[in-house]
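For reference, the chains in residue letters:
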Amino acid sequence: MQNNPDKPQVIVIGAGIGGIATAARLARTGRQVTVLEKCEKTGGRCGRMRVDGYTFDTGATIFMMPDLYARTFADLGERMQDHLDLRRIDPTYHLTFPDGLQLQLTSDMQQMRSRLEAIETGSFERMLHYLSEAGHIYDLSMPKMLGRDFRSLSEFINPRMLLLFLQVKALTRHTSYVRRFFKDPRLQMAFTFQDMYMGLSPFESPATYSLMQYTELAEGLWYPMGGMYHVTEVLTAIAEKLGVHFRYNAPVEKILVEGARATGVQLADGQVIPADTVVANADLGYVYRNLLPDASEADRIDRKEYGCSTIMFYLGLDKQYPQLGPHNLFLCGDYRRSFEDIFRDTGMPDEPNFYIHAPVRLDPSMAPAGHDTWYVAVPVGHINSKISQDWPRMQAHARAFILQRLARLGLTDVAEHIRTEVSFVPRDWQERYNLPFGSTHGLSHKLTQMAYLRPHNRHSRYHNLYFVGASTHPGTGVPTVLISAGLAARRILEDAGREETPP
Ligand SMILES: Cc1cc2nc3c(=O)[nH]c(=O)nc-3n(C[C@H](O)[C@H](O)[C@H](O)COP(=O)(O)OP(=O)(O)OC[C@H]3O[C@@H](n4cnc5c(N)ncnc54)[C@H](O)[C@@H]3O)c2cc1C
């Protein structure tokens, strides 16, 4: 691609979802945008791996909040339905509780009634109440907290925001809140486990995140044919069409600064690329620690709380297991204890919870005919240098535990049918994508790290250096990162004094 020196030059560090979406938005306003990515392709944590004919999404697998994706497409002058073949997933989850009881969550309210009432009398009506409250929380939080660019403390701490905090239950723990609706501990689990997607324990997280259960059952869970990585592919293609230039295997080593400005970047091979604007999509803590000069700022970010990590098993099997749905969650052992082991002790429970994504039931292209691909995620603590963490032992224990747990449910021959196996531990996440402490979800979403209190989308000193991605405002998860791309792009255009800001 020919560089046009007359256009404002933008460098984006990292081709995760946030980097791609910001780059595309800026290219659409006439800027010359180059994305520098250390890996061989785009995607980061929304990635893909192909091994021996099996296709695995490596990170994100759950497509929720379709409106937020659609808005990004619209802002880029495209229609989501022209690019993504979305299939609704129902039942949304196949849950297995510690005692072996199984429950499929569904948006079909007739079925949900009979399933819930069989567990606890009166629970269906209470679930409707819970979801209606959660819908209200969702409607308030989206524009007033998640989609809002907080620029000053007074925008955040004022009577109106205090009222909002109360309305969205930000000061109430999620597990305490759910107990008002369900007595049965299994139903309490069924309506809180999703907090793990924010890298949080439901025993610590605000009840605000009940909005996830609302969106899953009301707006639905979806599957983009081709897998979540197809979203990455499509957004990359749109960005390229808008003129974005992607350079792969191009790790940035330093952001160059002078006074109150970033002047460009230096690559690992020594090449210096000047820029008018720098956007950092690599995880925020890594950028402060490794790419910027100020060690005390990096220390400050390091002292913040990070979310959990995962041990992963990507399995290609020469047999299909109809007992599994697309999203299967196995809750094991003591619910509270399992989160303490992960979040307080940065380890792994003896009986770890795990999640299996088995996309072949929706999308046969993900495996050779008659075969299955399984993505198995085991939430674990992030890397903690203050304690000894024996990852190979935990990895082996998790693998054996999962096979045993599946055998108890009648899937006795899984080990014999594994043809391909790739496993990640937290260090792999750290090394592949430069994630601080190997935290798959970045900075935690606890109350004191939300909204204004979360790192902003612009650096406080270097005013042409912006941040986008999971550890910035508003937070982790593909749809949330897409919001952060919108906020960062808007700020860049506002700072440049342009009239036409993207919506
Ligand atoms: C296991 C797992 C499961 C998940 N499940 C879901 C889910 O089901 N649904 C959902 O919505 N979200 C899910 N998420 C979260 C979601 O994937 C992430 O929040 C999102 O993809 C993060 O995007 P990002 O833009 O912040 O950047 P990242 O994905 O972190 O991308 C940053 C990019 O920067 C690159 N980079 C880093 N350092 C440099 C450097 N020095 N120079 C150049 N490039 C650099 C990295 O290689 C990477 O490509 C999951 C994440 C994980 C890990």
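Residues numbered from 1 in each chain as written. Predicted model: local features only at pLDDT ≥ 70, side-chain atom pairs only at ≥ 80, totals over all residues. Heavy atoms only, no water.

Regarding its fold elements, the chain presents 16 helices and 19 strands. Scaling as 2.2 N^0.38, a compact globule of 503 residues should have a C-alpha radius of gyration of about 23 Å, and the chain matches this with 22 Å. Once the C-alpha set of the chain is aligned to its principal axes, its extents read approximately 65 × 55 × 50 Å. Expressed as a percentage of its 503 residues, the buried residues of the chain come to 60%. In the form shown here, the chain has an accessible surface area of approximately 19,600 Å², with 50% of it arising from carbon and sulfur atoms. Averaged over its 54 positive side-chain charges, the chain has a centre that lies 4 Å from the centre of its 56 negative ones. (Helix = DSSP H or I, 4+ residues; strand = E, 2+ residues; numbered from the N terminus. Rg over C-alpha atoms; globule rule 2.2 N^0.38 Å. Buried < 20%, exposed > 50% of the residue type's maximum accessible area, 1.4 Å probe, protein only. Areas by Shrake-Rupley, 256 points an atom, 1.4 Å probe, with all protein chains shown as cover. Lys, Arg positive; Asp, Glu negative; His and termini not counted. Charge placed at Lys NZ, Arg CZ, Asp CG, Glu CD.)

Here the focus is the confidence of the model for the chain. Here the chain averages 95 in pLDDT, and 98% of its residues register 70 or above. Across residues 499-503, where pLDDT falls below 50, the model places 11 contacts with residues more than four positions away in sequence or in other chains. (pLDDT = per-residue confidence, 0-100. Contact = heavy atoms within 4.5 Å.)

Attention now moves to the site of the ligand. In the vicinity of the ligand lie 38 residues, with Gly18, Glu37, Arg45, Ile62 and Asn434 positioned nearest. Within the backbone of Ile62, an N or O atom sits 2.8 Å from an oxygen atom of the ligand. Take Asn281: an N or O atom from its side chain is 2.8 Å from an oxygen atom of the ligand. Compared with its free state, where it exposes 1,000 Å², the ligand has 96% of that area covered by protein. For the shell around the ligand, the elements supplying multiple residues, two or more each, are helix H1 (17-28), helix H15 (426-433) and helix H16 (478-495). Partitioned by chemical class, the residues of the shell around the ligand number 20 nonpolar, 14 polar and four charged. (Near = heavy atom within 4 Å. Polar contact = N/O pair within 3.5 Å; in protein donor to acceptor, adjacent residues only side chain to side chain. Nonpolar A, V, L, I, M, F, W, Y, C, P; charged D, E, K, R; others polar.)

Okay, helix H9 (residues 211-218) next. In terms of residue burial, H9 counts as a mostly covered element, since six of its eight residues are buried. Restricting attention to buried positions, one finds in H9 the residues Leu211, Met212, Gln213, Thr215, Glu216 and Leu217. Turning to H9, the residues buried within the fold contact strand E5 (86-89), strand E6 (93-96), helix H3 (109-119), helix H4 (123-146), helix H7 (174-179) and strand E8 (221-224). Immediately beyond the C-terminal end of H9, within one or two residues, lies Gly220, with a positive phi of roughly 95°.

Another point: the packing of H1 against H16. Remark: H1 packs on H16, axes separated minimally by 8 Å, with the N-to-C direction vectors making an angle of 35°. Considering how the two elements wind past one another, H1 and H16 form a crossing that is right-handed. In contact with Ile17, Gly18, Ala21, Thr22, Arg25 and Leu26 of H1, H16 contributes Val478, Val481, Leu482, Ala485, Gly486, Ala488, Ala489, Ile492 and Leu493. (Axes fitted to C-alpha atoms, helices over the stretch in contact; angles between N-to-C directions. Left-handed = near helix turned anticlockwise from the far one by under 90°.)

This brings us to unusual backbone geometry. Asp90 connects to Pro91 through a cis peptide bond whose omega is 0°. Backbone torsion omega between His473 and Pro474 reads 0°, so that peptide bond is classified as cis. When you line up the elements, Pro474 lands in the loop between strand E19 (465-467) and H16. One non-glycine residue, Lys169, lies in positive phi territory at about 60°. Within the element layout of this structure, Lys169 appears in the loop between helix H6 (159-167) and H7. Positive phi outside glycine occurs at Ala451, with the angle close to 55°.

Glancing now at the side chain of Gln213. Within the secondary structure layout, Gln213 lies in helix H9. Residue class for Gln213 comes out buried when judged on its relative accessible area of 1%. A polar contact is formed between the side chain of Gln213 and the side chain of Tyr130, at a distance of 2.5 Å. Among all residues touching Gln213, those that are not within four sequence positions of it are Tyr130, Leu131, His174, Phe191, Thr192, Gln194 and Asp195.

This brings us to the environment of Asp149. Secondary-structure assignment places Asp149 in the loop between H4 and helix H5 (153-156). Given a relative accessible area of 15%, Asp149 falls into the buried group. The spatial distance from the C-alpha of Asp149 to the C-alpha of His456 is 8.2 Å, given a sequence separation of 307 residues. In contact with Asp149, not counting residues within four places along its chain, are Glu155, Asn457, Leu487 and Arg491. One polar contact links Asp149 to Arg151, side chain to side chain, over a distance of 2.9 Å.

Moving on, we get to H6. Within the sequence span of H6, burial applies to Met161, Leu164 and Phe165. Buried residues in H6, looked at end-on, bunch into an arc of 100°, giving them a common side. Turned more than 90 degrees away from the buried face of H6 sit Pro159, Arg160 and Leu166, all of them exposed. Here the buried face of H6 lies against H4 and H5. Backbone geometry just downstream of H6 places Lys169 in the positive-phi region, at approximately 60°. (Arc of directions from axis to C-beta.)

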